[in-house]
Amino acid sequence: MSPRKKLIAGNWKMNKTSADAVALAQEIVSAVGKQTEVDVVVCPPYTSLESVAKVLDGSTVKLGAQNVHPEASGAYTGEISVAMLRAFFASSVILGHSERRTYFKETDAFINQKVIASLKGQLRPILCVGETLGERESGSTLRVVQTQLEGGLEGVSKDMATSVVIAYEPVWAIGTGKVATTEQAQEVHAFIRTLLGKLFGETIAQKIRILYGGSMKPQNAPELLAQKDIDGGLIGGASLEARSFLDLVNAAAAVK
Ligand code: PEP
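Here's a quick rundown of the structure. The shown structure was predicted, so the numbers you read here are calculated from the model rather than taken from an experiment.

## Some words on unusual backbone geometry
Part 1 of the argument: Its identity as a non-glycine residue notwithstanding, Lys-16 has a phi of 85°, on the positive side.
Part 2 of the argument: Looking at where Lys-16 falls in the secondary structure, it is placed in the loop between β1 (7–11) and α1 (18–32).
Part 3 of the argument: Classification of Lys-16 as partly exposed rests on a relative accessible area of 28%.
Part 4 of the argument: Notably, Phe-89 is not glycine yet its phi reads approximately 65°, a positive angle.
Part 5 of the argument: The residue Phe-89 is located in the loop between α3 (82–87) and β4 (92–95) in this model.
Part 6 of the argument: Overall, Phe-89 belongs to the exposed group, its relative accessible area being 69%.

## Re the nonpolar core
Side chains of a nonpolar character, in soluble globular proteins, are inclined to be buried together.
Part 1 of the argument: Formed by 71 residues in total, the largest nonpolar core has its most connected members in Ile-28, Leu-153, Val-156, Ile-166, Ile-192, Leu-196 and Tyr-212.
Part 2 of the argument: Residue contributions to this core peak at 8 residues, all from helix α12 (residues 242–254).
Part 3 of the argument: Not counting the four nearest positions on each side in its chain, Val-156 is found in contact with Val-115, Ile-116, Leu-119, Ala-161, Val-164 and Phe-200.
Part 4 of the argument: Among the nonpolar cores identified, the runner-up in size contains 11 residues, and Ala-9, Val-41, Val-165 and Ala-167 belong to it.

## Here we look at helix α9 (residues 182–200)
Part 1 of the argument: Spanning 19 residues, α9 covers 26 Å between terminal C-alpha atoms, matching the ideal 27 Å at 1.5 Å per step.
Part 2 of the argument: The complete set of buried residues in α9 reads Thr-182, Ala-185, Gln-186, Val-188, His-189, Ile-192, Arg-193, Leu-195, Leu-196, Gly-197 and Phe-200.

## A word on the state of the cysteines
Part 1 of the argument: The full count for this structure, using the stated rule, is 0 disulfides.
Part 2 of the argument: With no disulfide of its own, Cys-43 lies closest to Cys-128 among cysteine sulfurs, the gap being 9.5 Å.
Part 3 of the argument: You can call Cys-43 buried: its relative accessible area is 0%.

## Observations concerning the sheet that holds strand β8 (residues 232–235)
Part 1 of the argument: Spatial ordering of the closed barrel is given by β1-β2-β3-β4-β5-β6-β7-β8, a layout of 8 strands whose pairing is parallel. Between one strand and the next, the sheet's axes are offset by a mean angle of 25°, whatever the strand orientation.
Part 2 of the argument: One ladder, built from 5 bridges, connects β1 with strand β2 (residues 39–43); its direction is parallel. Along β2, the bridge assignment pairs Asn-11 with Cys-43.

## Description of the packing of helix α5 (residues 108–120) against helix α7 (residues 141–152)
Part 1 of the argument: Packing of α5 against α7 brings their axes to within 8 Å, and their N-to-C directions diverge by 40°. Classified by the interaxial angle, the pair formed by α5 and α7 is oblique. Side by side, α5 and α7 meet where Asp-108, Asn-112 and Val-115 of the first sit next to Thr-147, Gln-148, Gly-151 and Gly-152 of the second.
Part 2 of the argument: Classifying every residue of the contact of α5 with α7 gives 1 nonpolar, 5 polar and 1 charged.

## A word on the site of the ligand
Part 1 of the argument: Of all residues adjacent to the ligand, which total 14 residues, the nearest are Lys-13, His-97, Glu-169, Gly-175 and Ser-215.
Part 2 of the argument: With respect to the ligand, the side chain of Glu-169 contributes an N or O atom lying 2.7 Å from an oxygen atom.
Part 3 of the argument: If the ligand stood free it would expose 290 Å²; the protein chains cover 97% of that surface.
Part 4 of the argument: Partitioned by chemical class, the residues of the shell around the ligand number 4 nonpolar, 8 polar and 2 charged.

## Observations concerning the pattern of salt bridges
Part 1 of the argument: Counted according to the given criterion, the structure contains 12 salt bridges.
Part 2 of the argument: Here Asp-108 ties to Arg-101 by a salt bridge, and the two come within 2.7 Å at their closest N and O atoms.
Part 3 of the argument: Between Asp-247 and Arg-243 there is a salt bridge, with the nearest N and O atoms lying 3.0 Å from each other. On the criterion of helical spacing, the pair formed by Asp-247 and Arg-243 is a turn pair, its members being 4 residues apart in helix α12.
Part 4 of the argument: One connected set of salt bridges, linked through shared partners, spans Arg-4, Arg-193, Lys-228, Asp-229 and Asp-231.

## Observations concerning the environment of Lys-217
Part 1 of the argument: Tracing the sequence through the fold places Lys-217 in the loop between β7 (209–213) and α11 (221–225).
Part 2 of the argument: By relative accessible area, Lys-217 is classed as partly exposed at 30%.
Part 3 of the argument: Put simply, Lys-217 and Ala-21 are 196 residues apart on the chain and 20 Å apart in space, counted from C-alpha to C-alpha.
Part 4 of the argument: Apart from the residues within four sequence positions on either side, Lys-217 is in contact with Ala-238 and Leu-248.

Definitions and cut-offs
- Residues numbered from 1 in each chain as written.
- Predicted model: local features only at pLDDT ≥ 70, side-chain atom pairs only at ≥ 80, totals over all residues.
- Heavy atoms only, no water.
- Helix = DSSP H or I, 4+ residues; strand = E, 2+ residues; numbered from the N terminus.
- Buried < 20%, exposed > 50% of the residue type's maximum accessible area, 1.4 Å probe, protein only.
- Core = buried A, V, L, I, M, F, W, Y, C linked by side-chain atoms within 4.5 Å.
- Contact = heavy atoms within 4.5 Å.
- Expected span 1.5 Å × (residues − 1).
- Disulfide = S-S within 2.5 Å.
- Pairing = 2+ DSSP bridges.
- Axes fitted to C-alpha atoms, helices over the stretch in contact; angles between N-to-C directions.
- Parallel < 35°, antiparallel > 145°, perpendicular 65-115°, else oblique.
- Nonpolar A, V, L, I, M, F, W, Y, C, P; charged D, E, K, R; others polar.
- Near = heavy atom within 4 Å.
- Polar contact = N/O pair within 3.5 Å; in protein donor to acceptor, adjacent residues only side chain to side chain.
- Areas by Shrake-Rupley, 256 points an atom, 1.4 Å probe, with all protein chains shown as cover.
- Salt bridge = Lys/Arg side-chain N within 4 Å of Asp/Glu carboxyl O.

Following this line, the structure appears as structure tokens:
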């Protein structure tokens, strides 16, 4: 049995009005809002954080955000701070998602600033790393993942490290329906855990959860979640409907 509790996190991306987000959150809470076997996090867009927070209140489902700015306040038009997220009782934040790296040119150094600011503000970073198809095909998957991981975690102390969650998300599998094979995923997860061991020591590395993300669906989840170093999923498309998201939570609960 894994020493780590499974975590299923839904990344709703730029989907759902506040009313739609509330309706989805209500369905999730009524189905799994009392269970404690699996940690469940939903990450709505900023515009729905407050309304979804109210729905989650008193349940075991936690609130996450999809991004944050590293500065505490100031002239950063369009941005949101850690304290603003904490004010809605958000407990996690997705950082370094490949869509932010690609479309918004986020670098490892900038992502690292966000990781540090989040940890200092008691917000759990879900740090995403992963290679593109070209990088996999040219044999540089592990090098890319290592650079992103070490860059993103620069300056994170051992004390803070257990609060971090890593998400391995091969870019070629995100939203494409192409899922990594269990062998491909487990190989990279094991590699990440080895790197975490080098950074923070083996005991801490064994406590850090590493999620898989990239077209995870109820059909492929049981096999992925049964892998030794796969501690849950970061779910995009399948988190937008209650049925598929709940099936993923149940799949995680069924892994012994
Ligand atoms: C994601 O964007 O984090 C993701 C994993 O998306 P999808 O599940 O749709 O591939």
